[in-house]
Amino acid sequence: MTDRPKPEFRSNYMHFQTMTTRWMDNDVYRHMNNTTYYSFFDTLVCQYLIERGALDVEKSPVIGLVAETTCRFFKSIAFPSKVNAGLRIGHQGNSSIRYDIGLFKDDENIASAQGHFVHVYVDRANGRPVTLPDAVKLAVAPLHMMAVKSAAAE
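Being a predicted model, the structure only gives us computed values, none of them experimental.

(A) A look at the packing of aromatic side chains. One pass over the full model with this rule turns up 6 aromatic pairs. Taken together, a centroid distance of 6.0 Å and an interplanar angle of 80 degrees make the contact between phenylalanine 41 and phenylalanine 117 edge-to-face. Of this pair, phenylalanine 41 sits in helix 1 (residues 34-51) while phenylalanine 117 is found in strand 5 (residues 113-123), placing the two residues 76 residues apart along the sequence. For phenylalanine 41, a relative accessible area of 0% translates into the label buried. Overall, the relative accessible area of 5% leaves phenylalanine 117 in the buried class. Aromatic ring contacts, followed pair by pair, group Tyr13, Phe16 and Phe104 into a single cluster. The ring of tyrosine 13 carries the charged tip of arginine 88 above its face, separated from the ring centre by 4.6 Å.

Now the structure itself:
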């Protein structure tokens, strides 16, 4: 059995976007429902690509489809909270990218949740994997880290 990963620090992420929780994000246990965390992941990655001209949701001939996703929960987030979503590249292949994401509640320095999305880039028309477009490679270049700092202390 492997050790459970520890929450990471904000400094482990290259880009941040601030989002807010909504009343409807809370579940019956009065914390943010787990599906909402994935919604933040998806919004962060897609908005990043759209703002850098690497994705046009209606016209791009190549699109990224989620092939794998995971989320580890460390501390609850609930409405009303500000979520600072951190983004970096965990791995870049020939036709796929693993986007690593950390969600930080309000001004906290240690992730409340972290995980990843693996996008496989495919031809929109036929759904077959393709080599990463230059526009995507250029957009994600600033998200690469040479080495990730150690996880937060227990």
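(B) Spotlight on unusual backbone geometry. In this structure, proline 80 follows phenylalanine 79 across a cis peptide bond, with omega equal to -5 degrees. Positioned with a positive phi, arginine 30 is a non-glycine residue whose angle comes to about 65 degrees. Mapped onto the elements of the fold, arginine 30 is located in the loop between strand 1 (15-20) and helix 1. Looking at arginine 30, the relative accessible area reads 72%, which means it is exposed.

Thresholds applied
- Residues numbered from 1 in each chain as written.
- Predicted model: local features only at pLDDT ≥ 70, side-chain atom pairs only at ≥ 80, totals over all residues.
- Heavy atoms only, no water.
- Phe/Tyr/Trp six-rings, centres within 6.5 Å; stacked < 30°, edge-to-face > 60°.
- Helix = DSSP H or I, 4+ residues; strand = E, 2+ residues; numbered from the N terminus.
- Buried < 20%, exposed > 50% of the residue type's maximum accessible area, 1.4 Å probe, protein only.
- Lys NZ or Arg CZ within 6 Å of the ring centre and 35° of its normal.

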